[in-house]
Amino acid sequence: MSSMNDDSRLVKKALKGDRKAFEMIILRYQQPLVNYLGRMTGERETAHDFAQDVFLKAYASLDSYRPPFKFSTWLFKIASNHMIDHWRKKKIAAISLDQPCGAEDDSLRIQVEDHELSVARKYELAELRIRIEKVLDRIPDGLRELFVLRHVNEFSYEEIADIKGLPVGTVKNRVFQAKEMLRRQLEETS
Amino acid sequence: MSCLRPDRMDLYLEGELSEPERREFEEHLAVCPGCAGKLEDRRALDLAFSSLPPIDVPRDFAAAVLARLPDIPRPAFGWLPSVVTGTALLLAGLLGYHLITGESVVQVMLSVGRFILGIVSLAVPFVAKVFKVLQVFVKLAGDLGAALVKGLGVLSSLLSPEAIGAALLLGLAMSVLLVFGVRKIASLGE
């Protein structure tokens with residue numbers, strides 16, 4: 001809560017032309033933003049460029065930020081839209097966020113039961129992390145994004161729902177689908 | 001209860017189950033080694049998912065963003081609307097008063113001026129006196145506090161721990177007696 005107040009205070013100052021205040025905002029959010037964009041693009045340099053673009057977009061529309069909402073949620077909404085624009089330009093077959101992601105819940109559950117794996121037991125934690133990074137880009141963008149927001153950026157399901165404009169239940173289902181896909185990928189590459 | 005669904009296991013690990021659901025879940029875990037093993041696998045994988053290493057952010061990242069920031073365009077005469085509105089309201093008020101009472105506008109302005117001057121001439125000495133009293137009070141309280149701390153320090157160095165305890169008890173007893181005494185006197189007064 002104090003962080004929220006702090007963010008609002010910094011935004012107010014930045015709006016009055018205080019660049020130091022905006023620098024504080026950048027320093028606070030550069031790491032989570034680069035973590036998110038890095039996992040979404042799969043390229044470190046692109047992630048840095050995109051993070052710069054996102055901060056510039058945020059600065060340009062700073063007066064549209066309303067303090068009752070969390071600044072992090074607002075910023076990641078801009079970042080998410082930036083990614084969508086990027087996919088559109090690259091004409092990547094990104095999953096439409098208005099449609100279910102392939103498997104429906106029930107059919108997925110059946111698959112999951114068949115694929116109940118124990119990948120975690122096969123690898124040490126460090127090796128497992130490396131393997132996860134390698135297979136992360138094999139899952140559809142829409143699912144990967146929700147997975148990253150939840151497990152890398154540690155947003156709550158409610159916050160992700162707010163960022164993506166989706167119902168909380170849908171977010172929970174899709175994060176679960178993403179994890180099951182990752183689990184299968186890990187098993188296939190073992 | 002039948003065996004646990006994988007999506008329920010995920011929600012359990014993330015603390016997203018309700019209290020009754022969690023209890024029922026744990027009751028099943030206690031009697032089903034198969035589900036307990038699968039849950040441990042998921043826990044280990046979740047740990048890996050949530051502990052992916054951060055992506056490096058260049059040291060000069062914030063400076064690079066700041067260098068690209070445009071100036072926020074601010075109106076050169078931002079104060080002008082407030083001044084114009086204030087003046088317009090004042091004129092409207094004077095005109096309204098003139099129309100209602102029939103008094104000349106100059107007369108009304110003189111009366112208002114005299115009224116404001118009267119308030120200021122009363123308020124300034126009063127505020128100055130309050131400020132002076134507060135200053136004296138703060139100085140007195142500071143000196144008293146310092147003397148008290150010093151006295152207690154000297155006392156504690158002279159007395160044994162038992163004697164300090166006894167003195168504290170005596171002080172407490174005297175405070176209680178004082179409170180009861182005051183209450184008694186107050187009730188006699190009634």
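Quick notes on the rules
Residue indices follow the written sequence of each chain, beginning from 1 at its first position. Labels follow written order: the first chain is A, the first ligand is 1, and so on. A pLDDT threshold of at least 70 governs which residues receive local features in this predicted model, and a stricter bar of 80 or more applies before side-chain atom pairs are shown or counted, although totals over entire chains, interfaces and linings include all residues. Side-chain figures throughout are based on the complete set of non-hydrogen atoms in the structure, without hydrogens or water. Per the convention used, a helix needs a DSSP run of H or I reaching at least four residues, while a strand needs a run of E reaching at least two, with both numbered from the N terminus. The cut-offs for exposure are 20% and 50% of the maximum accessible area for each residue type, with area from a 1.4 Å probe on protein chains only; residues under the lower value are buried, those over the upper are exposed, and the others partly exposed. It only takes one pair of heavy atoms within 4.5 Å for two residues to be counted as in contact. For the area figures, the Shrake-Rupley method with a 1.4 Å probe applies, and any residue is considered shielded solely by the protein chains shown. The patch calculation keeps residues exceeding 30% relative accessible area without a salt bridge and links them within 9 Å when they carry like charges or within 5 Å when they are nonpolar (Val, Leu, Ile, Met, Phe, Trp, Tyr). Counted as salt bridges are all cases of a side-chain nitrogen of Lys or Arg within 4 Å of a carboxyl oxygen of Asp or Glu. Orientation is described by axes fitted as lines to C-alpha atoms, over the contacting stretch for helices, and by angles from 0 to 180 degrees between their N-to-C directions. Should an angle fall under 35 degrees it is taken as roughly parallel, and over 145 as roughly antiparallel, whereas 65 to 115 is taken as roughly perpendicular and any remaining angle as oblique. The residue classification treats Ala, Val, Leu, Ile, Met, Phe, Trp, Tyr, Cys and Pro as nonpolar and Asp, Glu, Lys and Arg as charged. All others, Gly included, are polar. Once two parts are brought into contact, the accessible area they lose, counted with a 1.4 Å probe and summed over both, makes up the buried area. Any N or O atom pair separated by 3.5 Å or less is treated as a polar contact, with the protein-specific requirement of one donor-capable and one acceptor-capable atom, and with residues adjacent in sequence counted only for side-chain atom pairs. Pairing of aromatic side chains requires ring centres within 6.5 Å, counting the rings of Phe and Tyr and the six-membered ring of Trp. Pairs whose planes differ by under 30 degrees are stacked, by over 60 edge-to-face, and all others tilted. Joining through side-chain atoms within 4.5 Å is the link that ties buried Ala, Val, Leu, Ile, Met, Phe, Trp, Tyr and Cys residues into a set, and such a set is a nonpolar core.

Asker: Any details on the overall build of chain B? Residues and values, ideally.
Answerer: Regarding its fold elements, chain B presents seven helices and zero strands. Listing the helices and strands of chain B from first to last along the sequence gives α-α-α-α-α-α-α. In chain B, which comprises 190 residues, the share counted as buried stands at 17%. Sequence separation of 24 or more characterises 44% of the internal contacts of chain B that already satisfy a separation of 6 or more. Surface accessibility of chain B: about 14,300 Å² in total, with carbon and sulfur atoms responsible for 73%.

Asker: Let's hear about the overall build of chain A: which residues, and what values?
Answerer: In terms of regular secondary structure, chain A is built from 10 helices and zero strands. Start at the N end of chain A and walk to the C end: the helices and strands fall as α-α-α-α-α-α-α-α-α-α. In chain A, which comprises 190 residues, the share counted as buried stands at 51%. In chain A, 68% of the contacts between residues at least 6 apart in sequence involve partners at least 24 apart.

Asker: Tell me about a nonpolar patch on the surface, and please be specific about residues and values.
Answerer: Residues and elements named next belong to chain B. On the surface, Val112, Phe115, Ile116, Ile119, Val120 and Val124 cluster together to form a nonpolar patch covering roughly 550 Å² of accessible area. Within the element layout of this structure, Val124 appears in helix α6 (residues 105–158). On the basis of relative accessible area, Val124 is assigned to the exposed category, the value being 52%.

Asker: Account for the packing of helix α7 (residues 125–136) of chain A against helix α10 (residues 168–188) of chain A, naming residues and giving values.
Answerer: All names here are of chain A. Where α7 meets α10, the closest approach of the two axes is 10 Å, and the angle between their N-to-C directions is 110°. Classified by the angle their axes make, α7 and α10 are roughly perpendicular. Contacts from Leu128, Arg131, Ile132, Val135 and Leu136 in α7 reach Leu182, Gln185 and Leu186 in α10. Of the residues assigned to the contact of α7 with α10, the class counts are six nonpolar, one polar and one charged.

Asker: Could you give me a rundown of the side chain of Glu14(B), with the residues and numbers involved?
Answerer: Counting through the fold element by element, Glu14(B) comes out in the loop between α1 (6–13) and α2 (19–31). The class for Glu14(B) is buried, based on a relative accessible area of 15%. Not counting chain neighbours up to four residues away, the residues in contact with Glu14(B) comprise Arg150(A), His151(A), Tyr157(A), Lys179(A) and Asp46(B).

Asker: How would you sum up the interface of chain A and chain B? Please name residues and give values.
Answerer: Contact with chain A, which involves 50 residues of that partner, is made by 37 residues of chain B. Between chain A and chain B, a total of about 4,200 Å² is buried, with carbon and sulfur atoms accounting for 61% of that surface. Where chain A meets chain B, there are eight salt bridges. Our count for the chain A to chain B interface comes out at 18 residue pairs in polar contact (both at pLDDT 80 or more). Elements with a contribution of two residues or more to the side of chain A that touches chain B: α1 (2–15), α2 (19–41), α3 (44–60), α5 (105–114), α6 (119–122), α7, α8 (141–152) and α10 of chain A. Here the residues of the side of chain A that touches chain B sort into 23 nonpolar, nine polar and 18 charged.

Asker: Explain the packing of aromatic side chains residue by residue, including any values.
Answerer: Within the structure shown, the criterion is met by 10 aromatic pairs over all chains. With centroids separated by 4.7 Å and ring planes inclined at 65°, the aromatic side chains of Phe22(A) and Tyr59(A) adopt a geometry described as edge-to-face. One end of the pair, Phe22(A), is in helix α2; the other, Tyr59(A), is in helix α3, and 37 residues separate them in sequence. For the pair formed by Phe22(A) and Tyr59(A), the shared burial category is buried. Consider the rings of Phe55(A) and Phe61(B), whose centres lie 6.0 Å apart with planes at 65°: the pair is edge-to-face. Highlighted residues: Phe55(A) in helix α3 and Phe61(B) in helix α4 (residues 61–68), drawn from two different chains. Each member of the pair, Phe55(A) as well as Phe61(B), is classed as buried. Each residue in the set Tyr29(A), Tyr65(A), Phe71(A) and Trp74(A) is aromatic and connected to the rest through ring pairs, giving one cluster.

Asker: Outline the nonpolar core, listing residues and values.
Answerer: Formed by 65 residues in total, the largest nonpolar core has its most connected members in Phe22(A), Leu33(A), Tyr36(A), Leu37(A), Phe55(A) and Phe71(A). In this structure, Phe55(A) is in contact with Phe22(A), Ile25(A), Ile26(A), Tyr29(A), Gln30(A), Leu33(A), Leu75(A), Phe61(B) and Val65(B), ignoring residues within four places of it in sequence. Among the nonpolar cores identified, the runner-up in size contains 10 residues, and Met9(B), Leu11(B), Cys32(B) and Cys35(B) belong to it.

Without other data, these values stay purely geometric and don't point to any function.
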